[in-house]
Amino acid sequence: MKRPLINALLLDFDGIVAESERQNAGLVRAFLRNRFGIDITADDERSVYGFPWPETFAALFGRYSIAMSPAEAWRLFYPGKLAWLSEHPVRMATGLPELAGLPVAKALVSGSHRGEIEAMLASAGHPHLGIGLMICREDVSRGKPDPEGFLAACSRLGVPPAEALVFEDSRPGIAAARAAGAAVAFVRELAAEDNAGLADAAFDTLADAVPWVRERLGTGRR
């Protein structure tokens, strides 16, 4: 670990807090098939992992020459996701309450929209994360892999990025954390693909990360 002191924990949502990356990809596949009669490739599905919705739709629409704005696509896509969530409870990360209970500043930094996150938490029967600060896609002008969200979280928490540990699962998310100047931990439990080799540390679950993080908390925070 390059940075021995941790004074902030920044958590991605999809693939870290909730198991949703593969599910999002499947919903995008169904949306494009039902709306446009387009069957996307397996590589296209994987390209959804970690990217915010505006960037996801822009990339796919450009690839398949679809004349629709990402904003319009989101308005059409979102009700279908809400309907899906009403019948498919989202699986939540093991050890999330223990991690959220650590005496250190925390923020959720996600490429998902705030209402979408709240719907996923409600689906899981877990409406309260115990994390007060949430930076979502609508709070930034540029989504991951741009570091804006992580930098905004650090600024709001009053912690330098070099003293933050980011929990991420996707390539765009890890790239964003790196660009922000933060250390990165990968968690395997809910991840759609294994990107452990891109991180500073890797854990099977958030529960496994708790004692490791506790030993590295900044002065006076243990």
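Refer to the structure printed above.
Residues numbered from 1 in each chain as written. Predicted model: local features only at pLDDT ≥ 70, side-chain atom pairs only at ≥ 80, totals over all residues. Heavy atoms only, no water.

Side note on the sheet that holds strand β3 (residues 133–135)
Inference 1: Strand order in the open sheet formed by 6 strands is β3-β2-β1-β4-β5-β6, and the pairing between neighbours is parallel. Strand pairing shows two members of the sheet lacking a second neighbour, β3 and β6 (201–203), which therefore form its edges. When the angles between neighbouring strand axes are averaged without regard to direction, this sheet yields 25°.
Inference 2: Bridging between strand β5 (residues 183–187) and β6 involves 3 bridges; their strand directions are parallel. Opposite valine 187, over in β6, you have phenylalanine 203 as the bridge partner.
Inference 3: Docked against the sheet, helix α7 (residues 148–157) engages β1 (8–11), β2 (105–109), β3 and β4 (164–168), running at close to 150° with respect to β2. (Pairing = 2+ DSSP bridges. Helix = DSSP H or I, 4+ residues; strand = E, 2+ residues; numbered from the N terminus. Axes fitted to C-alpha atoms, helices over the stretch in contact; angles between N-to-C directions. Contact = heavy atoms within 4.5 Å.)

Regarding α7
The α-helix winds at 3.6 residues per turn, so residues separated by three or four positions along the chain end up facing the same way.
Inference 1: Inspection of α7 places Glu148, Gly149, Phe150, Ala153 and Cys154 among the buried residues, and these make up the whole buried set.
Inference 2: Close packing links the buried residues of α7 with β1, β2, β3, β4 and α8 (171–180). (Buried < 20%, exposed > 50% of the residue type's maximum accessible area, 1.4 Å probe, protein only.)

Remarks on the packing of helix α1 (residues 21–36) against helix α3 (residues 53–64)
Two numbers describe a pair of packed helices, the interaxial angle and the distance between the axes.
Inference 1: Across the interface, α1 lies against α3 with an axial gap of 13 Å and an inter-helix angle of 45°. Relative to α3, the element α1 lies oblique. Considering how the two elements wind past one another, α1 and α3 form a crossing that is right-handed. Contacts between α1 and α3 involve Asn24, Val28, Phe31, Leu32 and Phe36 from the first element and Trp53, Phe57, Leu60 and Phe61 from the second.
Inference 2: A breakdown of the residues in the contact of α1 with α3 according to their chemical character gives 8 nonpolar, 1 polar and no charged. (Parallel < 35°, antiparallel > 145°, perpendicular 65-115°, else oblique. Left-handed = near helix turned anticlockwise from the far one by under 90°. Nonpolar A, V, L, I, M, F, W, Y, C, P; charged D, E, K, R; others polar.)

As for α3
Inference 1: With 12 residues, α3 ought to run about 16 Å at 1.5 Å a step, and its terminal C-alpha atoms sit 16 Å apart, in line with that.
Inference 2: When we look at burial in α3, the residues that qualify are Trp53, Thr56, Phe57, Leu60 and Phe61. End-on view of α3: buried residues confined to an arc of 115°, all on one side of the axis.
Inference 3: The first or second residue beyond α3 is serine 65, which carries a positive phi of 55°. (Expected span 1.5 Å × (residues − 1). Arc of directions from axis to C-beta.)

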